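These are the residues of each chain, in order.
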Protein chains: 2
Amino acid sequence: MLFPTGHRGAATPTPVAPSTGRLRPLGLDQVRITGGPWARRQEVNATATLAHIEQWLEREGWLANFDLAVSGGLAEGRRGREFSDSEVYKLLEAMAWELGRRPDDGLRGRFDAIVARVAAAQEPDGYIGTRFGRPGQEPRYTDLEWGHELYCQGHLFQAAAARARTGGTDDRLVEVARRSAEHVCATFGPDGNQGICGHAEVEVGLAELGRALGEPRYLAQAALFVERRGHGVLADIEFGRSYYQDDVPVRDAEVLHGHAVRANYLAAGAVDVAVETGDTALLDAVAGQWARAQARRTYVTGGQGSHHQDEAFGDDWVLPPDRAYSETCASVGSVMVSWRLLLARGGAEHADAIERALTNVVATSPAHDGRSFFYANTLHQRVPAEHVDTDVVSKRAEASLRAPWFEVSCCPPNVARTFASLAAYVATVDDGGVQLHQYAPAEIRAELPSGEHVGLDVVTDYPADGRVEVRVVAAPAGDWTLTLRVPAWSSSARVRVDDGAVREVGPGLVEVAGPRADGVVVLDLDTAPRFVVPDPHIDAVRGCVAVQRGPEVYCLESVDLAAMGPGSDGGGADGGVDDIVVDASVPPWEVDGAVYVRAGRRGAAGAGDSDDTDVAGWPYATAADLDPAPRPELHDVPLVPYHDWANRGPATMRVWLPTL
Amino acid sequence: MLFPTGHRGAATPTPVAPSTGRLRPLGLDQVRITGGPWARRQEVNATATLAHIEQWLEREGWLANFDLAVSGGLAEGRRGREFSDSEVYKLLEAMAWELGRRPDDGLRGRFDAIVARVAAAQEPDGYIGTRFGRPGQEPRYTDLEWGHELYCQGHLFQAAAARARTGGTDDRLVEVARRSAEHVCATFGPDGNQGICGHAEVEVGLAELGRALGEPRYLAQAALFVERRGHGVLADIEFGRSYYQDDVPVRDAEVLHGHAVRANYLAAGAVDVAVETGDTALLDAVAGQWARAQARRTYVTGGQGSHHQDEAFGDDWVLPPDRAYSETCASVGSVMVSWRLLLARGGAEHADAIERALTNVVATSPAHDGRSFFYANTLHQRVPAEHVDTDVVSKRAEASLRAPWFEVSCCPPNVARTFASLAAYVATVDDGGVQLHQYAPAEIRAELPSGEHVGLDVVTDYPADGRVEVRVVAAPAGDWTLTLRVPAWSSSARVRVDDGAVREVGPGLVEVAGPRADGVVVLDLDTAPRFVVPDPHIDAVRGCVAVQRGPEVYCLESVDLAAMGPGSDGGGADGGVDDIVVDASVPPWEVDGAVYVRAGRRGAAGAGDSDDTDVAGWPYATAADLDPAPRPELHDVPLVPYHDWANRGPATMRVWLPTL
């Protein structure tokens, strides 16, 4: 890997390139993940998922919609939901990052072929979209609430920004996006249509395309969209205007609310606007919303959004593990927000949140083979998932199963674009040196703002092992600082520079004097499995513990209960995980990489009757009438990382384990 | 009150008049509720709610839709959802019962006027409905999944059965229903359209109209509809066919599932069919579904259906108190099912379930003035409800507030028809005597199957007081039996006949030798307030207790926390009920009719941070890092009956109280 030559600024091959901020991102040409789980995810993404998505887009006709726009017949022949164009754009974005990560003529050919079909569908005035405005269709922008026209174009802008930074600004996709953005600015500018899109996304897309192409007008249009929202611009709907964050201006809101994907995309766009305009009040507002959402509206996995009905955040503390919605895309969106706040303000908590969401939600969505996906990521599966037909489109509501494709298939390409750009989230630079935020075997060849170079090779078995060796292969002439994140989950940690003294450090950011070339910094994190307890305000998991090991949340899967005796049939409310209790006085432990707890199967204790042959009871009893529950026989029960669950056939599962 | 003359069978003024079964219902002419809370509810219903509903039906144009059917212009001018006709029919049913309960010329005139408008809209072939089949509308029965055409006609049939039994079979409404039923039988008979309605109701309507009019063909058609369902007759939808119970035949299902109102209406119709056809297997199937739903899918209030998204039952044990949907109509439906099973098979558990659902759900829906209603009945309100504008239609999704009317306004008239017919659920007869199922001050003038008369005056302050005196004003010449239900909630009870010995009795049915005229039976139930604990399978309320007093579930409402110190501002996640813990070692107690618990406000214990000024935390902590929670200062805190909550302005509320 070579050091990049010359400061590229907005052309850095990274998803977010602010012109200012506390930290400066490093592009895919400066950071390469060379091994470990994330490299495997990237490999599966490149070799399986991208083609899988392309095939389904073709099969479902969502790509062919662009051809129909040229040949006519969209009104009769169009397939897919209002937002199906966006899945094509997200695939293009994923391909663009993948091409930046590792050039590939075959992939480049497929990318260009899709771009050609998209480009052909663009109308003379720059508008692009297959759902509105053609003969027999409703006119453009007549359904801002649900039409998703600006949303789709926003994803086009993100894809084009990716391509501009990995393939250059003379790419055809970039030209298509530029014309589309000009159309959007002309149509929705200060004197134009005063509307906004029901699904935020165009804001973040305009901001990034504006940065990539050096077009301040796109950023100004993003700022207009951000400021317009929250004043009841859109129609009231059954879910209320909070669904699309049109109930309160962004700068006045106290917490992320409404539809969780929309909320995060909007927040990301608002940070972009705030950073570029120096709007500290807006940045403070979003940072506060982020903090309260993390503190009160986020699952232990990092997942967000507890409502199925409107795919929305619940009230503070409403985090039921069963029927947790925790949409994959909401976590992709939360990574977008956390990363932007990290660049703007630093802070270990943002990188903690990114690690959590990536490890336990985004990585949970795809199966190991990268060809089926969770849309929702429940924390408690009570009824065994049926075997999924890998050839059938799933409805979103069935999303407690991994499925190859969905009627609303936003998640698969969202995972793909995130995985392809993963290296961008590993490290940053500032005037003083390099900051390491995520740990994976990696090569980092960073150019500091000063123009000097720092080369780091990260050697680690993380997260299986807590030791992270940072080998310095190139260092500036003068002093520099290496900043390491000690994750909040690591209750203790030690750091050593070269042959220096071992230093005990606490969670947060640890700065060490950067060694000379051939020096080494060793960080030891505490990855012993541990019980995690919830804030007592979270009613739904009272009296439960979760198990976490390093950044990975673990779960109990019924297929591992074979040795537990009667009822251990691997499924059903009685036979599966629902009557398991753990002995919290015995901390979880690890043998040969496997994590165990001491647990038993609850007998017919309490008010109810757990015998499946007799359900004639009422499950609420007068407290005084109850006999004490018998202590169950205890076994050593293995857990699995949550992101690995549902890869061994139908099962029930739970993350939160009731205590004895 | 006079004894009825002659056995009337199907003409008994009661909602359900099976031709066979373990118990025989008594009509509104045989039972009158003379005082207590139920009489007050009936009075408000008669004097406020009926007119309130009529005004809103007029105002929203749902009544005028029938006029438009005559004058033309339905296609352009029709207002309301697909099922708006049914609300008119439910109002007519409520009026019919009210006229049976207490004749009133004014009400009779309003009833006849509405019937005239409805009748005018009937088409020559008997079809009636304002949503399909007119010029400019889709053809009839082209959307069985969502069109609700048979559902609406089913409610017409129930209304007509009520009128036939309270006003005679020569009423115009009865004639309209008869022609509509003939149309349905002709259209959907064995050789006709093999479809079913997406919302069950026509089954129970046909069965009852058939009974009331002595038309076995209507019952046969109901049986056809019941048998057809469950074989994938309707289209698959996002919620799956389980939503409308078209996934499994009724006789094969193991538990009530899918949309909770649909599930209960279907079960009620299936019981009617099973009873009339002697289909024991079908009756057993529904009884088993009912039992499992009670044991595993019912809130402590008797409410059913935990999902907002599809208004559906969750899996077994999924009963989160916050965002409990617990639709009012689902409990009306559950009363319908429980009552039919009680008539078919006896059993105190059915009357227990009726009492629970009536007391804690159906009676919770209307405000004290009978002019606003809960659609959903949550068990935990985390954010104070905003003040409801009594002049604005509410969306269903806002249903954590009582509102005067809803876009989907099924609940208000469902409550009205239930309240107007409440006396029908009080008592039954069999060959041996009289069974008392529900306790309220009442006059019962029952004719036994033998033709002999039993007259009972029930004197009680129930549920404020547990003493129920049954004064015998008329008795048969020979031996007879008075059967009394001892509710399951009464852990002890005593019964005494005349001056006989006091007998300790347990929950269930207690039979006593019926006294002669002027004799008395005194039942003493234990209405001391008590803690109720949930079956440990119900994850969402682990570590909590509820308080019940007699049949009434109590709740903590934030307006009662004024004396609790900081944060007691009556609302918000931190200031309201969310951080309250009760000392479960001190049983709840009663002073002057008010119920108290010993409770405190949790400090900044545990992982989280309850200080509103600093939310920058992550709410999950490593167990070993936690300090023990400080014991809060304890206070005597009053609770209120759940059905009374939200009558004192905006508040937060919870039924399940975490223990110290």
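Keep in mind that this is a model prediction, so the values were computed, not measured.

Some remarks on the overall build of chain A
Helices and strands together make up the secondary structure of chain A, namely 15 helices and 23 strands. A globule of 660 residues ought to have a C-alpha radius of gyration of about 26 Å, and chain A, at 25 Å, matches this closely. Expressed as lengths along the three principal axes of its C-alpha atoms, the size of chain A is roughly 75 × 70 × 45 Å. For chain A, the proportion of its 660 residues judged to be buried stands at 65%. When contacts within chain A are restricted to residue pairs at least 6 apart in sequence, long-range pairs at least 24 apart make up 68% of them. Accessible surface, chain A as shown: approximately 21,100 Å² in total, 50% of it carbon and sulfur. Averaging the locations of the 61 positively and 94 negatively charged side chains of chain A gives two centres separated by 3 Å.

Some thoughts on unusual backbone geometry
Put simply, Y462 of chain A and P463 of chain A share a cis peptide bond, and its omega is 0°. Among the secondary structure elements, P463 of chain A is positioned in the loop between β7 (453-460) and β8 (467-474). The phi dihedral of Y141 of chain A is positive, around 55°, even though this residue is not glycine. Of note, Y141 of chain A is situated in the loop between α5 (105-120) and α6 (149-167). In this structure, S326 of chain B takes a positive phi of about 45° despite not being glycine. Here S326 of chain B lies in the loop between α11 (280-296) and α12 (328-345).

Overview of helix α10 (residues 260-277) of chain A
All names here are of chain A. The end-to-end C-alpha distance of α10, which contains 18 residues, comes to 26 Å, matching closely the 26 Å that a straight helix rising 1.5 Å per residue would cover. Summarising burial for α10: 16 of the 18 residues are buried, a large majority. One or two positions beyond α10, positive phi appears at G278, with a value near 65°.

A look at the sheet that holds strand β6 (residues 442-447) of chain A
All names here are of chain A. Read across the open sheet, the seven strands follow the order β2-β6-β7-β8-β13-β10-β11; overall the sheet is antiparallel. The sheet is open, and its two borders are formed by β2 (31-33) and β11 (503-505), each paired with just one other strand. Averaged over all pairs of adjacent strands, the angle between their axes in this sheet comes to 20°, without regard to strand direction. Pairing of strand β10 (residues 493-497) with strand β13 (residues 520-525) involves five bridges; the strand directions are antiparallel. Paired with R494 across the strands is D524, a residue of β13.

A few points about the side chain of Q245 of chain A
Residue and element names in this part refer to chain A. Relative to the helices and strands, Q245 is located in the loop between α9 (216-228) and α10. Of note is the side chain of Q245, whose polar atom sits 3.3 Å from the backbone oxygen of H259. With residues up to four places along the chain from it excluded, the contact list for Q245 reads R229, G230, H257, G258, H259, R262, A263 and L266.

Focus on the packing of aromatic side chains
Two descriptors summarise a pair of aromatic rings, namely the distance from one centre to the other and the angle between the planes of the rings. What the rule picks out here adds up to 40 aromatic pairs over all chains. With 5.6 Å between their ring centres and 90° between their planes, Y127 of chain A and Y141 of chain A make a pair best called edge-to-face. Highlighted residues: Y127 of chain A in the loop between α5 and α6 and Y141 of chain A in the loop between α5 and α6, separated in sequence by 14 residues. With respect to burial, Y127 of chain A and Y141 of chain A carry one shared label: buried. On the basis of an interplanar angle of 65° and a centroid distance of 5.8 Å, the ring pair of Y243 of chain A and Y244 of chain A is categorised as edge-to-face. A relative accessible area of 0% means that Y244 of chain A is categorised as buried. In textbook terms, an aromatic cluster arises when at least three aromatic residues are bridged by ring pairs, as seen for Y127, Y141, F188 and F225 of chain A. Above the ring of W618 of chain B, the side-chain terminus of R356 of chain A is found at 3.4 Å from the ring centroid. For R59 of chain B, the ring lying beneath its charged end belongs to W56 of chain B, and the centroid distance is 4.1 Å.

Details of the pairing of strand β21 (residues 634-641) of chain B
Residue and element names in this part refer to chain B. The buried fraction of β21 is high, at six of eight residues. Relative to β21, strand β16 (residues 552-557) is paired through two bridges, and the arrangement is antiparallel. Directly across from C555, in β21, lies its bridge partner V640. Across six bridges, strand β19 (residues 594-601) lies against β21 in antiparallel orientation. If you follow V595 over to β21, its bridge partner there is L639.

Points about the confidence of the model for chain A
Residue and element names in this part refer to chain A. Scored by pLDDT, chain A has a mean of 93; 94% of the residues are at 70 or more. Low pLDDT (under 50) marks residues 604-616, which in the prediction has 30 contacts with non-local residues, meaning those over four places away or in another chain. Here the prediction assigns the complex a pTM of 0.93, and the interface score ipTM is 0.90.

A word on the pattern of salt bridges
Note on pairing: side chains with opposite charge can pair once their charged atoms come close. Per the counting criterion, the structure on display carries 101 salt bridges over all chains. Salt bridges here are not isolated pairs; linked through shared partners, they connect R165, E208, R211, D272, E276 and R340 of chain A.

Considering the packing of helix α4 (residues 84-101) of chain B against helix α6 (residues 149-167) of chain B
All names here are of chain B. Interhelical geometry of α4 versus α6 gives an angle of 15° and a closest axis separation of 8 Å. Classed by the angle they form, the pair α4 and α6 counts as roughly parallel. For α4 against α6, the interelement crossing comes out left-handed. Contacts from D85, S86, Y89, K90, L92, E93, A96, W97, L99 and G100 in α4 reach Y151, C152, H155, L156, Q158, A159, A162, R163 and T166 in α6.

Focus: the sheet that holds strand β4 (residues 427-430) of chain A
Residues and elements named next belong to chain A. Taking strand neighbours across the sheet as the criterion, the five strands line up as β1-β4-β5-β9-β12 in an open arrangement whose pairing is mixed. Edge positions in the sheet fall to β1 (24-25) and β12 (508-513), since each of these pairs with one other strand and no more. Across the sheet, helix α13 (residues 348-362) touches β9 (481-486) and β12, and the angle it forms with β9 is around 55°.

Considerations on the UniProt feature "domain: Non-reducing end beta-L-arabinofuranosidase-like GH127 middle" (unreviewed entry) in chain A
In the numbering used here, UniProt assigns the feature "domain: Non-reducing end beta-L-arabinofuranosidase-like GH127 middle" (unreviewed entry) to residues 434-498 of chain A. Along residues 434-498 of chain A, the helical share is 0% and the strand share 55%, with 17 Å between the first and last C-alpha atoms.

What counts, and at which threshold
Residues numbered from 1 in each chain as written. Chains lettered and ligands numbered in written order. Predicted model: local features only at pLDDT ≥ 70, side-chain atom pairs only at ≥ 80, totals over all residues. Heavy atoms only, no water. Helix = DSSP H or I, 4+ residues; strand = E, 2+ residues; numbered from the N terminus. Rg over C-alpha atoms; globule rule 2.2 N^0.38 Å. Buried < 20%, exposed > 50% of the residue type's maximum accessible area, 1.4 Å probe, protein only. Contact = heavy atoms within 4.5 Å. Areas by Shrake-Rupley, 256 points an atom, 1.4 Å probe, with all protein chains shown as cover. Lys, Arg positive; Asp, Glu negative; His and termini not counted. Charge placed at Lys NZ, Arg CZ, Asp CG, Glu CD. Expected span 1.5 Å × (residues − 1). Pairing = 2+ DSSP bridges. Axes fitted to C-alpha atoms, helices over the stretch in contact; angles between N-to-C directions. Polar contact = N/O pair within 3.5 Å; in protein donor to acceptor, adjacent residues only side chain to side chain. Phe/Tyr/Trp six-rings, centres within 6.5 Å; stacked < 30°, edge-to-face > 60°. Lys NZ or Arg CZ within 6 Å of the ring centre and 35° of its normal. pLDDT = per-residue confidence, 0-100. Salt bridge = Lys/Arg side-chain N within 4 Å of Asp/Glu carboxyl O. Parallel < 35°, antiparallel > 145°, perpendicular 65-115°, else oblique. Left-handed = near helix turned anticlockwise from the far one by under 90°. UniProt positions renumbered as here; feature names shortened; annotations may be inferred.

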